[in-house]
Amino acid sequence: MDMATSALDAGGKGIRILVADDQRVNQLILEAYLRKEGHTVLVANNGVEAVEIHRTGHPDLVLMDIMMPEMDGLEAARRILAECGEIRTPLLFLTAINDQQTMIEGLGLADDFIAKPIDLAILRAKLRAFIRLVQSQRLLREQQQRIERLNDDMRRESEVAAHVMERVLAHTEMPDPDYLMYRVQPSAMFSGDMVLARRTPGGRLHLLLADAVGHGLPAAINILPLFFPFDGMARKGCSLATVARELNRRVRDLLPVDRFVAATLVSIDFASNSFEIWNGGNPPALVLADDGSVVERIDSMQLALGLNADNPAAFEPRHVRCGSRQQLLLCSDGIWDNPAFSAAGDAAAAIAALMVSTETRQRIDALFDAAIDAGQTDDLSAVLVTAKALPARTVMPDPRPAQSIGARISLQLGPEALRRTDAVASVLDMAGSLGLVDSFPALSSVLPELFANALDHGVLRLDGGDKYRSTEGYQAFCSARQERLDALGEGFVMIEIEPDYLGESRVLRVNVADSGMGFDWQAEDAAGARSPGDERGLQRVRAMVANLSFNGQGSEVVVLISARGDDEARS
C-alpha cells in the first residue's frame, strides 16, 4: 500500500465507497474487505438505490455492477454523473460481461473496469490511484467551500458598504440638465470616484470631484471621509480655500501614508457666473464655449489631497468668469487617460472635438460612451456645469459676501427628541427668542409642515397616500405613525435656520434633512391639493415661501421665506 493510502487509513480517514451489486455474496466480500482497509461502505441492491444513496450519502467512489434489476449500472451511472456537477465522483464498473459494445459504452461513463470474479489484489492496486484522485477532489471541494464562504462574507460586506454609499449620496444635490450634469461609472462594484454637490447658505453651489488611489471597495472607503466635512462646511458657507484645506487635513489624518485623493473643488455663483476652482492632482478643468471648443484650461495647482503641507497659500482657488451658456468640464483621469482621448497624445483636443460634435445635453453621455467603447480600465467620472444665460451687454458685479443678521439655529433631533410632541414648538420658541418669527412670520406655519414630512415619510417611512382621502385613512396613518415612533431606535431630523439675502431682499433659509432614504415628495405635493382652495401640506408651504426645493430623493428640503415687509409686498 502506497503512502497516500497509508496516510488515509492510518489516520482513520478512509474514503466513502458505494458498492452497488444485486448479488449478496459480492456485497459481503467487498464490504468486509473495504472495511478492513479502513473505508466506509454504503451498499445498494440495484441501480435505483445506487442513485438515491449517491444523492444522500455523497460517496467518494462508486463500485457499480452493470447487470442489476430495476435499473442497470449503465443507466445508474448516467444519472449519477448528471447530478455530480463540476466535480464528478470516480466510478468503477464491476462486471463479467465481455460484450465489446457494453465495454465501449461503459468506458464512456466509468473511470475503469474490474472484472468478475474480483481479484482483491487488482482492486487494491486500482484503489491506490483513486484514493489520490479522491484526495485531490476533497482538497478542491474544501477550496471551493472556502471560496464560497469568502464570497458570502464579501457579499455581506459589500451590501453594507453599498448601503452606506447610497445613504451618503442621497444627500447630495441631484443632476439638473439646465445647469449641473454629472456621472460616475465604476470599473468594479464600487467606485473610487465621487461627485458631491451642496448649496451654501448664500446660494453658491460647492462641487467636489474626488478620485481616490486604487479601485473598488478600498478606494471607495478612502473617499468616504471627505463627504461629511465637505457637506458640513458647505452648509455653513465656508470658503472654497477653507474646505480644500480641511479635506487635505482629513486625508492626511485618516488614511495611510500611501493613500491620497485627487480632487477638484469648485464654487459657483450663478448670479454672476463667477467660478472658483481648486484642482489638486486631477486632470485639467476645461471651460467650453457654447459650441464645445475650449476657451480656457485650468491645470492642477497642487498635489492630491493628503500630500500637501498645511499651508493656507496652497489652497487658494483660481477665479474664472464664464460667459453665458459656457460650460465647465471636470473629469477624472479615468476619462482623461482613456485610449479614446489619450491615444492621439492630446486628450484636451480629443475631448474638445467630441464636445464640438455633440449636442449640449448629450456631452456627458458621449464622454462615457466613447471611454467605455475604447475599453474602460479605471473608474470614470465627469461633471459639466452650464453657466446661466445673462442679458446682453449686462455686466454683473462681483457677488458680495452673504450678509447675516447674526442669528443661526442648527439642531439635530434624535429618537428621544422626535418622540416629544413639543419638538417643533421648542425650535420655534428658540427662533422667536432670536427675533426670527417676528421678522419671518411664515416660519411658524412652514417649519411644522417640513418637520412632519421629514419625520413621517423620511425617518418613519410612512406612506401618506391615503392620509387625505378619508377620516379612516387619516386615523390609520396616525395610528401607524405612533407605533413606529414608539419603536424608533435610531434616526434623526436636522433643522437649520439662518437669515440670508436673495439679491437685495432679506430671506430666511430653512433647511430640513432626515436620516431616511427620502420619499416621493411630488406625489405628496399632489395629494395635498384635493381641490382648489383646499391646499394642504406642501401645497400650503409653497404658497407661503419664496422658493421650495427638494433634493432628488426627497430626504432634504430648502425653503426661502421672505421677510415680513417683502412678504406683504409679494402678496
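Cut-off values and rules
- Residues numbered from 1 in each chain as written.
- Predicted model: local features only at pLDDT ≥ 70, side-chain atom pairs only at ≥ 80, totals over all residues.
- Heavy atoms only, no water.
- Pairing = 2+ DSSP bridges.
- Helix = DSSP H or I, 4+ residues; strand = E, 2+ residues; numbered from the N terminus.
- Axes fitted to C-alpha atoms, helices over the stretch in contact; angles between N-to-C directions.
- Contact = heavy atoms within 4.5 Å.
- Parallel < 35°, antiparallel > 145°, perpendicular 65-115°, else oblique.
- 1 Å grid on protein atoms, 1.4 Å probe; cavity = no way out; pocket = protein on both sides within 12 Å on 5 of 7 lines; lining within 4 Å.
- Points joined across faces, edges and corners; volume = space filled by probe spheres on them.
- Nonpolar A, V, L, I, M, F, W, Y, C, P; charged D, E, K, R; others polar.
- Left-handed = near helix turned anticlockwise from the far one by under 90°.
- pLDDT = per-residue confidence, 0-100.
- Salt bridge = Lys/Arg side-chain N within 4 Å of Asp/Glu carboxyl O.
- Buried < 20%, exposed > 50% of the residue type's maximum accessible area, 1.4 Å probe, protein only.
- Right-handed = clockwise from strand over helix to strand, strands pointing away.

1. Structural notes on the sheet that holds strand β8 (residues 205-212)
- Reading across from one edge, β7-β8-β9-β10-β13 is the order of the 5 strands in this open sheet, with antiparallel pairing throughout. A single partner strand is all that each edge strand has here, and the edge strands are β7 (193-199) and β13 (318-321). On average, adjacent strands in this sheet sit at an angle of 20° to one another, irrespective of strand direction.
- Summarising the sheet, strand β10 (residues 274-280) and β13 pair through 4 bridges and their orientation is antiparallel. Each bridged residue has a counterpart across the sheet, and for Ser274 the counterpart in β13 is Arg321.
- Contacting β7, β8 and β9 (261-269), helix α7 (residues 216-235) runs over the sheet at an angle of about 10° to β7.
- Together, β8, β9 and β10 form the strand contacts of helix α8 (residues 240-254), whose direction differs from that of β9 by roughly 160°.

2. Things to note about the packing of helix α16 (residues 443-459) against helix α17 (residues 471-487)
- Direction vectors running N to C along α16 and α17 enclose 75°, while the axes themselves pass 11 Å from each other. Of the possible angle classes, the one that applies to α16 and α17 is roughly perpendicular. Here Leu455, Asp456 and His457 of α16 come into contact with α17, specifically with Phe477, Arg481 and Leu485.

3. Overview of empty space enclosed by the protein
- Counted under the stated rule, the structure contains 2 cavities of 30 Å³ or more.
- By volume, the largest cavity amounts to about 60 Å³.
- The wall of the largest cavity is formed by Leu450, Asn453, Ala454, Val512, Asp514, Phe519, Leu538, Phe550, Gly554, Ser555, Glu556 and Val557.
- Those elements giving two or more residues to the lining of the largest cavity turn out to be α16, β18 (505-514) and β20 (556-562).
- Considering each element in turn, the lining of the largest cavity owes the most residues, 3 residues, to α16.
- When the residues that make up the lining of the largest cavity are grouped by side-chain class, the tally is 7 nonpolar, 3 polar and 2 charged.

4. Considerations on the packing of helix α14 (residues 423-433) against α16
- As a packed pair, α14 and α16 sit with axes 10 Å apart at the nearest point and diverge in direction by 145°. Relative to α16, the crossing made by α14 is right-handed. Each of Ala423, Val424, Val427, Leu428 and Ala431 in α14 lies in contact with α16, whose residues at this interface are Leu443, Ser444, Leu447, Pro448 and Phe451.
- Across the contact of α14 with α16, the residue classes break down as 9 nonpolar, 1 polar and no charged.

5. Side note on the confidence of the model for the chain
- Confidence in the prediction for the chain averages 83 pLDDT; 87% of positions are at 70 or higher.
- Per-residue pLDDT, averaged within each element of the chain, yields its smallest value for helix α1 (residues 3-10) (39) and its largest for strand β14 (residues 327-331) (95).
- Low confidence marks residues 1-12, where pLDDT is under 50. Its contacts with residues over four positions away, or in another chain, come to 22 contacts.
- Here residues 392-405 is a poorly scored stretch, pLDDT under 50, and it has 21 contacts once near neighbours within four places are set aside; other chains count.

6. Let's talk about the pattern of salt bridges
- All told, the structure shown has 25 salt bridges when counted by the stated rule.
- Residues Asp231 and Arg198 are paired through a salt bridge, measuring 2.8 Å at the closest nitrogen-oxygen approach. Remark: Arg198 occurs in strand β7 and Asp231 occurs in helix α7; sequence separation between them is 33 residues.
- Overall, Asp231 belongs to the buried group, its relative accessible area being 10%.
- In this structure Arg198 comes out as buried when scored by relative accessible area, which is 7%.

7. Let's talk about the pairing of strand β1 (residues 16-20)
- For β1, the buried fraction is high: 4 of the 5 residues fall into the buried class.
- Note: β1 against strand β2 (residues 40-44), 5 bridges, orientation parallel. Among the inter-strand pairings, Ala20 is bridged to a residue of β2, identified as Ala44.
- Since β1 and β2 lie parallel, the crossover through helix α2 (residues 24-36) that links them has a hand, and here it is right-handed.
- Bridge count for β1 against strand β3 (residues 61-65) is 4 bridges, and the pairing is parallel. Each bridged residue has a counterpart across the sheet, and for Ile17 the counterpart in β3 is Leu61.

8. Some details on unusual backbone geometry
- Of note, the amide linkage connecting Lys116 to Pro117 takes the cis form, showing an omega dihedral of -5°.
- With respect to the secondary-structure elements, Pro117 resides in the loop between β5 (112-115) and α6 (120-169).
- Positive phi, normally seen in glycine, also occurs at His58, with a value near 50°.
- Mapping His58 onto the fold places it in the loop between α3 (47-57) and β3.
- In this structure, Glu70 takes a positive phi of about 65° despite not being glycine.
- Examined against the element boundaries, Glu70 turns out to sit in the loop between β3 and α4 (73-84).
- The exposure class of Glu70 is exposed, given its relative accessible area of 69%.

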